[in-house]
Protein chains: 2
Amino acid sequence: MKKLLLPIALLFCYNGMAQNIDSVDFKRIADQVLTKGKCYDDLRILCKQIGNRISGSSRANKAVEWGEMTLREAGCDRVWLQPVMVPVWHRGEEHLALRYSREGDFIDVPMTSLGNSEGTGDRTVKASILMVGSFEEFEKLSAADIDGKFIFFNYHFRQDFAQTFNAYGDAVKYRWQSPMIVGKKNIAGIIIRSISSGKDDYPHTGSTKYAEGGSKFPIVAIGNETADKLEHACLKGNTAAALRSDCGMRGMAQSYNVIGEIKGSSQPKDYILVGGHLDSWDIGEGAHDDGAGCVQSIEVLRTIKQLGIRPKHSIRAVLFMNEENGLKGGTAYADSALAKKEHHVLALESDAGGFSPRGIETTMSKKQREQFEKYIPLFLPYGVYDFDKEGGGADVSPLKKQNVVIGELLPDSQRYFDVHHTDNDVFETVNHRELKLGAAAMTMLVYLVDQHELLD
Amino acid sequence: MKKLLLPIALLFCYNGMAQNIDSVDFKRIADQVLTKGKCYDDLRILCKQIGNRISGSSRANKAVEWGEMTLREAGCDRVWLQPVMVPVWHRGEEHLALRYSREGDFIDVPMTSLGNSEGTGDRTVKASILMVGSFEEFEKLSAADIDGKFIFFNYHFRQDFAQTFNAYGDAVKYRWQSPMIVGKKNIAGIIIRSISSGKDDYPHTGSTKYAEGGSKFPIVAIGNETADKLEHACLKGNTAAALRSDCGMRGMAQSYNVIGEIKGSSQPKDYILVGGHLDSWDIGEGAHDDGAGCVQSIEVLRTIKQLGIRPKHSIRAVLFMNEENGLKGGTAYADSALAKKEHHVLALESDAGGFSPRGIETTMSKKQREQFEKYIPLFLPYGVYDFDKEGGGADVSPLKKQNVVIGELLPDSQRYFDVHHTDNDVFETVNHRELKLGAAAMTMLVYLVDQHELLD
């Protein structure tokens, strides 16, 4: 909170004419994106003509072609593919039926296997269900308590966090770590309550991880409404599940990051990067996660070109592959940058949904923040006010080791975990103006960092 | 912008312990609303069991009963109905067909008559279309130019405004004033491009007004896609419209404001009011406009009761009738307050959609703002930061004459004018967390004004 003081105080020290020019250029950027931007149309094509695009899939290959073509159309000086080997996870068929009482029938429920999880082989696994509220509770159970059962990790997404990313951070361990906590113990499988803020029954997928040398039981998620019903039934006892799923890892495949560049006029070997990830989960359309970040990043370069801004630094848009289940694209990009001694001054990602922007988190140093703060008031007319948070996107995080300032767009978070990793993450849930305002905010930050050499 | 400086500076002067208590109470309020609030469930009932509810309709009567019952359930000490006579506008059947070229057929298009407009009587009106871009352009036309034609006011909603209420303010005169500009001239009718930010074809209704003694031609709106097509065709010429509509005014009817009250512990005759309007247009479900404001206002009182807060002032939730086409409810409430010498210290409305809150506009004096500013940092963890704007809701505006500080919740505005006054303003477009955060922000302001006697 206290940080809000500084920007305004410093504004008075900041040259009035320079500020006015920046303010006019911010308006030009916003006008261009809001009235002539194409990111919303680009997103429609990505979502509706290609659809979801998990790493290694044929649709991911199509998305690579789309990215290359769209970056060219946006006016990049150069567009190329950066090879990345990616893990391939295959879902196949999957069915979960629950029995809510001793006398009840097994009833099919909406479910999704978690990414990276193994299936049931060529059979249906039937077993009783043991509900557990937390890892602490699980640790207290004996081997006999859990032997051969489905463990239902029933941790509720906390609605009391005002910012949902905090609630996600609190709950996501039950998706990611549950198999590690179970380790080598003998269970039929894990059922988790989805990491979901939704008042609905959409199951949410996402990565999970087995313990080294641990058992490879299946792991699936159910939606909040089914979880509520199962919770209620478990309190009475005699619940059971019947699961059949074909999912599992299928080796590695060749894929690519897609990179577009506008060459810098005075410092062509210093780079400012904007990016999102091109892969998505294999359900829904990957609209917010992260088609939005891809089309916004492309829009940043298009806007610079359309407005005739001549950047000092080289500006790159990177559409990363494999954020969801491996981060191979982000890692490959950072490795390449290191090997080629490419100096990045900023790497900004958009991977928190295409909602109205509220701020940008970064890893700027204290000194850099002090230098930046006088510019914050320029963002306020666009509803972008929060620059206090420390952080950056997953795909750009491997660049941190090279002392690159990384960042991430902070959109309004209220709706994200309703649709995240679900069949409902579709184009129709993205608003054209919210998406565009995010692209405008990213362009504004890139413009400032470039023109004022803020992070050189 | 400059205003952001003051709150933080003043925070340091503000008693640390008092601030801490407020901060804890803010968290209690947010937790209560986010985890136990019922406003979203209330809105589902209002939208799905009653639906839209234009003044004087049977559904508006049902909404009055619903409001009374829901305020009682929320724990009000007293709930009553305040009689209001309201104008009744009836839509009836309506059809618009357009012919886009001399040789073309008449094709039915999505359309909506504007509120308060008259119909075509017992016949279909057929005439050629004259496209006009602005009032200035219209004023230059001769009587012969327009005689007997449909005037197509084709003013585009400006997407370049970062805040859509500014774009609405810019464009809405083409809905409200067009008949006044045409006055007594002889035309077949007016077709307007909807006051819409949408990239779709939903027509948007809303109030319009005839000139005193002017002609009573019909006035209808078409959606953006149809308007684009018609614009394109008009540039080539030979367009025509065929309109039939039964709408018109149907006298006055008895209706009610619904009022719930928690009696103040130490200043029961000083009132803090929260409110929204219960009537809506007769299409869609009036979810954002303004079911959201009604259920949020009820939630404010429910939260105070549930948390056991004993307000010093009497706190009222008012569900106003007839905001959309007459403001009779707001006027009747202010008249009654004046007659009864009820002293209101604050009248806060929510009527800008159930989206994520960003701020609250008020009519506080400079001195009151200075006093209030030290409390602003308490709102920042909830994403509510903008208290600079001057303004207040329509229904509470008649109280201004009595020197009451009025205000209005400022939610994120990006999506509002996609759905405003359309068939698409339905429950499904409201997010549960966004709606609740708005109710929490309203409760926080009421709490502060009450407990610290900020506006007494």
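Residues numbered from 1 in each chain as written. Chains lettered and ligands numbered in written order. Predicted model: local features only at pLDDT ≥ 70, side-chain atom pairs only at ≥ 80, totals over all residues.

### A word on the overall build of chain A
Item 1. Each helix and strand counted, chain A has 15 helices and 15 strands in total.
Item 2. For chain A, whose C-alpha radius of gyration is 23 Å, the value lies close to the compact-globule estimate of 23 Å for 456 residues.
Item 3. The principal-axis extent of the C-alpha atoms belonging to chain A is close to 75 × 45 × 35 Å.
Item 4. Per-residue burial for chain A yields a buried fraction of 55% across its 456 residues. (Helix = DSSP H or I, 4+ residues; strand = E, 2+ residues; numbered from the N terminus. Rg over C-alpha atoms; globule rule 2.2 N^0.38 Å. Buried ≥ 20, exposed ≤ 12 C-beta atoms within 10 Å, placed from the backbone.)

### Some points on the sheet that holds strand β9 (residues 240-245) of chain B
Residues and elements named next belong to chain B.
Item 1. As summarised here, the arrangement of the eight strands in space is β3-β2-β9-β5-β6-β7-β8-β4, forming an open sheet in which the pairing is mixed. Looking at which strands have only one partner, the edges of the open sheet turn out to be β3 (107-108) and β4 (111-113).
Item 2. One ladder, built from two bridges, connects strand β2 (residues 94-99) with β3; its direction is antiparallel. Within the sheet, the bridge partner assigned to Leu98 lies in β3 and is Ile107. (Pairing = 2+ DSSP bridges.)

### Details of the relation of the copies chain A and chain B
Item 1. For these two chains of identical sequence, chain A goes onto chain B by a turn of 180° and a shift of 0.0 Å along the axis, with RMSD 0.0 Å. A rotation of that kind, with that shift, is consistent with a two-fold axis.
Item 2. When you check the interface residues of chain A against chain B, 100% turn up at the interface there too, and the contact is symmetric in its surfaces. (Least-squares fit on C-alpha atoms with pLDDT ≥ 70 in both. Contact = placed C-beta atoms within 7 Å.)

### Here we look at helix α2 (residues 16-36) of chain A
Residues and elements named next belong to chain A.
Item 1. Across its 21 residues, α2 extends 29 Å between first and last C-alpha, which sits within 8% of the 30 Å expected from 1.5 Å per residue.
Item 2. Within α2, burial applies to Phe26, Ile29, Ala30, Gln32, Val33 and Leu34.
Item 3. Looking at the buried positions of α2, the neighbouring elements they touch are α11 (287-306) and α15 (432-451). (Expected span 1.5 Å × (residues − 1).)

### Regarding helix α4 (residues 58-73) of chain A
Residue and element names in this part refer to chain A.
Item 1. The end-to-end C-alpha distance of α4, which contains 16 residues, comes to 23 Å, matching closely the 22 Å that a straight helix rising 1.5 Å per residue would cover.
Item 2. Along α4, the residues classified as buried are Ala60, Ala63, Val64, Trp66, Gly67, Thr70 and Leu71. In a view along the axis of α4, the buried residues occupy a sector of 170°, so they form one face of it. Opposite its buried face, α4 presents the exposed residues Ser58 and Arg72, each directed more than 90 degrees away.
Item 3. Check the buried side of α4 and you find it contacts α3 (39-50), β1 (78-90), β10 (248-262), α11 and β12 (313-320). (Arc of directions from axis to C-beta.)

### Focus on the domain arrangement of chain A
Residues and elements named next belong to chain A.
Item 1. Domain assignment breaks chain A into domain 1 (2-89 + 251-451) and domain 2 (92-246).
Item 2. Between domain 1 and domain 2, the C-alpha centre-to-centre distance is 34 Å.
Item 3. Opposite the 15 residues of domain 1 that make contact, domain 2 presents 18 residues.
Item 4. Sort the elements by how many residues they give to the side of domain 1 that touches domain 2 and helix α14 (residues 416-419) lands first, with three residues. (Domains from an automatic or database assignment.)

### Describing the pairing of strand β15 (residues 405-411) of chain B
Residues and elements named next belong to chain B.
Item 1. With respect to burial, β15 is a largely interior element, seven of its seven residues being buried.
Item 2. Both strand β13 (residues 343-349) and β15 contribute to a ladder of four bridges, which runs parallel. Looking at β15, one finds that Ala347 is bridged to Ile406.
Item 3. Bridge analysis of strand β14 (residues 357-362) against β15 gives five bridges, and the strand direction is antiparallel.

### Quick notes on the environment of Ile54 of chain A
Item 1. Note on placement: Ile54 of chain A falls in the loop between α3 and α4.
Item 2. Those residues in contact with Ile54 of chain A that lie beyond four places of it in its chain are Ala60, Trp89, Asp279, Ser280, Trp281 and Asp282 of chain A.

### Considerations on the sheet that holds β14 of chain B
Residues and elements named next belong to chain B.
Item 1. With mixed pairing, seven strands are arranged side by side in an open sheet as β1-β10-β12-β11-β13-β15-β14. Of all strands in the sheet, those bounded by a partner on one side alone are β1 (78-90) and β14. Between one strand axis and the next, the sheet turns by 20° as a mean value, whatever way the strands run.
Item 2. Both strand β11 (residues 267-277) and strand β12 (residues 313-320) contribute to a ladder of eight bridges, which runs parallel. In the sheet register, Tyr271 faces β12, and the bridge partner there is Ser314. (Axes fitted to C-alpha atoms, helices over the stretch in contact; angles between N-to-C directions.)

### Side note on the interface of chain A and chain B
Item 1. Facing the 31 residues of chain A at the interface are 31 residues of chain B.
Item 2. Looking at the side of chain A that touches chain B residue by residue, the class counts come to 14 nonpolar, eight polar and nine charged. (Nonpolar A, V, L, I, M, F, W, Y, C, P; charged D, E, K, R; others polar.)

### Looking at the nonpolar core
Item 1. Counting 253 residues, the largest nonpolar core has Leu43, Ala440 and Ala441 of chain A together with Leu43, Ala440 and Ala441 of chain B as its most contacted members.
Item 2. Apart from residues no more than four positions distant in its own chain, Ala440 of chain A is found in contact with Ile29, Ala30, Val33, Leu34 and Tyr382 of chain A. (Core = buried A, V, L, I, M, F, W, Y, C linked by C-beta atoms within 7 Å.)

### A closer look at the packing of α3 of chain A against α15 of chain A
Residue and element names in this part refer to chain A.
Item 1. Direction vectors running N to C along α3 and α15 enclose 115°, while the axes themselves pass 9 Å from each other. It follows from the interaxial angle that α3 and α15 lie roughly perpendicular. Where α3 approaches α15, its residues Cys39, Tyr40 and Leu43 are matched on the opposing element by His432, Leu435, Lys436 and Ala439.
Item 2. Among the residues making up the contact of α3 with α15, the classes are represented as five nonpolar, one polar and one charged. (Parallel < 35°, antiparallel > 145°, perpendicular 65-115°, else oblique.)

### Observations regarding the environment of Arg91 of chain A
Residue and element names in this part refer to chain A.
Item 1. You can see Arg91 is positioned in the loop between β1 and β2 (94-99).
Item 2. Taking the C-alpha atoms as reference, Arg91 lies 47 Å from Gln451; in sequence the two are 360 residues apart.
Item 3. If sequence neighbours within four positions are ignored, Arg91 has contacts with Ser113, Cys247 and Asp282.

### Some thoughts on the environment of Glu93 of chain B
Residue and element names in this part refer to chain B.
Item 1. If you trace the backbone, Glu93 turns up in the loop between β1 and β2.
Item 2. Residue classification places Glu93 among the exposed residues on the basis of 9 C-beta atoms within 10 Å.
Item 3. Sequence separation between Glu93 and Gln414 is 321 residues; the distance between their C-alpha atoms is 32 Å.

### Focus: the pairing of strand β8 (residues 219-222) of chain A
Residues and elements named next belong to chain A.
Item 1. Burial of the side chains of β8 extends over both faces: Ile219 and Ala221 are buried on one face and Val220 and Ile222 on the other.
Item 2. In the sheet, strand β4 (residues 111-113) pairs with β8 via three bridges, with the strands oriented antiparallel. Directly across from Ser113, in β8, lies its bridge partner Val220.
Item 3. Sheet analysis places strand β7 (residues 189-193) next to β8, joined by four bridges and oriented parallel. Across the sheet, Ile191 pairs through a bridge with Val220, a residue of β8.

### What to know about the packing of α3 of chain A against α11 of chain A
Residues and elements named next belong to chain A.
Item 1. Across the interface, α3 lies against α11 with an axial gap of 9 Å and an inter-helix angle of 135°. By the angle between their axes, α3 is oblique relative to α11. Between α3 and α11 lies a crossing of right-handed hand. The residues of α11 that touch α3, namely those facing Cys39, Asp42, Leu43, Leu46 and Cys47, are Ala287, Gly291, Ala292, Val295, Gln296, Ile298 and Glu299.
Item 2. Residue composition of the contact of α3 with α11, by class: eight nonpolar, two polar and two charged. (Left-handed = near helix turned anticlockwise from the far one by under 90°.)

### Quick look at the confidence of the model for chain A
Residues and elements named next belong to chain A.
Item 1. Overall, the predicted model of chain A reaches an average pLDDT of 96, with 97% of residues at or above 70.
Item 2. Below a pLDDT of 50 lies the segment residues 1-9, which in the model reaches 21 contacts outside its immediate sequence neighbourhood of four places, other chains included.
Item 3. At the level of chain-chain contacts, confidence expressed as ipTM amounts to 0.95, with global pTM at 0.96. (pLDDT = per-residue confidence, 0-100.)

### Remarks on unusual backbone geometry
All names here are of chain A.
Item 1. Backbone torsion omega between Asp289 and Asp290 reads 0°, so that peptide bond is classified as cis.
Item 2. By secondary structure assignment, the location of Asp290 is in helix α11.
Item 3. In this structure, Asn322 is a non-glycine residue whose phi angle is positive, near 75°.
Item 4. Mapped onto the secondary structure, Asn322 falls in the loop between β12 and α12 (328-339).
Item 5. Of note in the backbone geometry, Leu327 takes a positive phi value of approximately 60° without being a glycine.
Item 6. Here Leu327 shows up in the loop between β12 and α12.
Item 7. Among the residues examined, Leu327 registers 20 C-beta atoms within 10 Å and is labelled buried.

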